[in-house]
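What the coordinates show
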Amino acid sequence: MDGEGGSSGLAKSAAVKLSEMGERTKQLGTAMRDPHQQRRIILVIVCVALLLDNMLYMVIVPIIPDYLADLELEQSEHVHVVMHSNTSANSTSQDKSNKDNLDIQIGILFASKAILQLLVNPLSGTFIDRVGYDIPLLIGLTVMFVSTCIFAFGENYATLFMARSLQGLGSAFADTSGIAMIADKYTEEGERSRALGIALAFISFGSLVAPPFGGVLYEFVGKRVPFIVLACICLADGLMLLTVIKPFSNRTRENMPVGTPIYRLMIDPYIAVVAGALTVCNIPLAFLEPTIANWMETTMHSSQWEMGLTWLPAFFPHVLGVYITVKLAAQHPNLQWFYGAVGMVIIGASSCTVPACKTFGQLIAPLCGICFGIALVDTALLPTLAFLVDVRHVSVYGSVYAIADISYSVAYAMGPIVAGQIVHSLGFVQLNLGMGLVNVLYAPALLLLRNVCQMKPSYSERDNLLDEAPQGLYDTIKMEERRAKKKGYSSAGNCLSVDENGFDPFRAQRSLSEESSGPECT
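Below, the structure is looked at part by part. Computed from a predicted model, the values in this text were never measured in an experiment.

Quick notes on the overall build of the protein
When helices and strands are tallied, the protein shows 20 helices and 2 strands. Within the protein, the fraction of its 522 residues that count as buried is 49%. Put simply, 83% of the contacts in the protein that link residues at least 6 apart link residues at least 24 apart. About 24,600 Å² of surface is accessible on the protein, with carbon and sulfur atoms providing 64% of the total.

So, the state of the cysteines
What the rule picks out here adds up to 0 disulfides. No disulfide involves Cys371; its nearest neighbouring cysteine sulfur is the one of Cys368, lying 7.1 Å away.

Topic: helix α17 (residues 428-442)
Over its 15 residues, α17 runs 22 Å from end to end, which matches the ideal 21 Å to within 8%, given 1.5 Å per residue. Along α17, the residues classified as buried are Phe428, Leu431, Asn432, Met435, Gly436 and Asn439. Buried positions in α17, seen along its axis, are confined to an arc of 125° and lie on one side of it. Contact partners of the buried residues in α17: α10 (269-288), α11 (292-299), α14 (336-353) and α16 (398-425).

Looking at α14
If you check α14, its first and last C-alpha atoms are 26 Å apart, about what 18 residues at 1.5 Å a residue would give, namely 26 Å. Along α14, the residues classified as buried are Gln336, Trp337, Tyr339, Gly340, Ala341, Gly343, Met344, Ile347, Gly348, Ser350 and Ser351.

Focus: empty space enclosed by the protein
Overall, the coordinates contain 2 cavities of 30 Å³ or more when judged by the stated rule. Estimates place the volume of the largest cavity at around 550 Å³. Along the wall of the largest cavity there are 30 residues; nearest its centre are Asn54, Ile203, Asn282, Tyr408 and Tyr412. For the lining of the largest cavity, the secondary-structure elements that each account for two or more residues are α2 (35-58), α4 (88-131), α6 (157-185), α7 (189-221), α10, α15 (360-392) and α16.

Details of a nonpolar patch on the surface
On the surface, Ile115, Leu119, Met414, Ile417 and Val418 cluster together into a nonpolar patch covering about 380 Å² of accessible area. Counting residues per element, the ones that place at least two in the nonpolar patch are α4 and α16. Here the nonpolar patch gets 3 residues from one element, more than from any other, and that element is α16. Note on placement: Ile115 falls in helix α4.

About the cut-offs
Residues numbered from 1 in each chain as written. Predicted model: local features only at pLDDT ≥ 70, side-chain atom pairs only at ≥ 80, totals over all residues. Heavy atoms only, no water. Helix = DSSP H or I, 4+ residues; strand = E, 2+ residues; numbered from the N terminus. Buried < 20%, exposed > 50% of the residue type's maximum accessible area, 1.4 Å probe, protein only. Contact = heavy atoms within 4.5 Å. Areas by Shrake-Rupley, 256 points an atom, 1.4 Å probe, with all protein chains shown as cover. Disulfide = S-S within 2.5 Å. Expected span 1.5 Å × (residues − 1). Arc of directions from axis to C-beta. 1 Å grid on protein atoms, 1.4 Å probe; cavity = no way out; pocket = protein on both sides within 12 Å on 5 of 7 lines; lining within 4 Å. Points joined across faces, edges and corners; volume = space filled by probe spheres on them. Patch = residues over 30% accessible without salt bridge, like charges linked within 9 Å, V, L, I, M, F, W, Y side chains within 5 Å. Salt bridge = Lys/Arg side-chain N within 4 Å of Asp/Glu carboxyl O.

Encoded structure:
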C-alpha cells in the first residue's frame, strides 16, 4: 500500500510539474506575441550578434602574429641547411626579409574581412530590402559560425585567410540586417536612439574585450579555445533567432514595399555627409590598432600585458559617450549634428596628442578621448540615417545601413594595409597629426545636417496615417495605401513644402523667410 501511495504521489507531483511547465510555455508564447516584449528579445539577439562579430574581428590581434611567426619558424626549420660562417650577413638579411613578409601577410589577413565586407555590402543591402531582416541575419550568423570553426582548426595561412574573408561575408549580412532590424522595430526617435546606443555599447565591448580575452586563452589553453567559445555563442544566438522570430514561417515579407535603391541613397547629400563622418571618425581607431603596439614597444619599452590592455580602459568612456548622447538627443533632438561635430573635434584633438605620450598611463587619456568621440559620432548619426530614410525615401533600412557598414569597412580595410606604410614612410607622429587634422576639418561639414530636424512630421507621421500601434517596416505598406487616397497630403504636416524625395530644409528656410506670416511647425 505504501508503495502504491508513493507512486501515486510521484505521479501527481510529475503531473503538477508538467502543468506548470505548460503554463510557463503558454506565458512565454503570450509574451512573444507582445510586440514590446518581442522587440526586446530581438534587441538582445542583435546585440549578441554584433558583440560576436566585433570579438571575432579583434580576438585575432594577440593570436595571429605569434601563431604565424611560429608557423614561419617551423617551415624555415624544415628547409634549414647548415650555414657556413661566411653567410652570416646573408642570414641576417634573410631574417629581415622574412619579418617584412610576415608583416605584410598579417596586414592582408587583418584587412581581408573589411575588404570583402566592403564588396558585399551593396549586394547585401539590396537583398535585405527585398527579403526582410530576419533571414539575412540568420545567414550572417551561419556564415560567422562556419568561419569561426575554420579559424579554430585552421593550421596554415591559406585556411586562416579563407576563414577571415568568410567572416567579412557573414558580417555584411549580420551587421547590416541587425542594425536595420533595430531601426525598424524601434520607430520612435528617442527609443531608436536608445536601442542603437545599446547596440553600439555591445560593439565597443566586443572590440575592446576581445584582445585580452583571446590573449589569455591563447596563452594558457591554445589557439582553438577562444574560437570554439565564440562559435558556441554564435550557435546559441542563431538557435534563439530561429525560436523567437521563426524567419521561414514569416509570410508578411511578400507584401513588403520596395526600398529605395542603394545608389540613390548614396547620392543623397545628407546621407553622404553622414557616411563620410562615420568613415573619418573611425580612421584613427582603424589606423592605430595595427601600429600602436610597435610604437609602444620602441618608444615606451612597454610590456606584453600593457600592449594587450591598451584599448581596454577606453571601453568605459565609450559607454559614457553613448549614454550622454542618448540623454542629450532625448532632450535636444535638433542638435544631433552638433553632438557629432563635437565628437569629431574630440577625436582630432586626442589623435594629435597620442605621439606626445611617454608612458602607458599618459597614453590611456587620448585613447579614451578617441573612443569617447567615436561614441558621440556613432550614437548621434546612426539614428539620423534611419530618420533621413523615413522622411526622404521609403522606410526600409537595409540599404542605408549597408552604406553605414561600407563607411566603417573603408576605414578598417585601409587601416592594416595603409597605416603601416604611412608610419614607415612619414612616421608615427605625422600619421596621428594627419588623422587629427582630417577629423577637425570634416566637423564643419555636419552643419549641412543642422536643419534635418525640420524634416520631422508635425508630431508623428504614424499618428496621422495609422490607426494601429507602429509595427516598423510593415507600417510603410499601410502608409502607402493611405497616401494613395490622400494624394495632396504633405508628410511634414502641411507646414512646409515637400519634394518627391522628402523635405528640403534649405528651400524651406527660404520660404519661411519670404512668408514669415505663414503657419509654423510645432
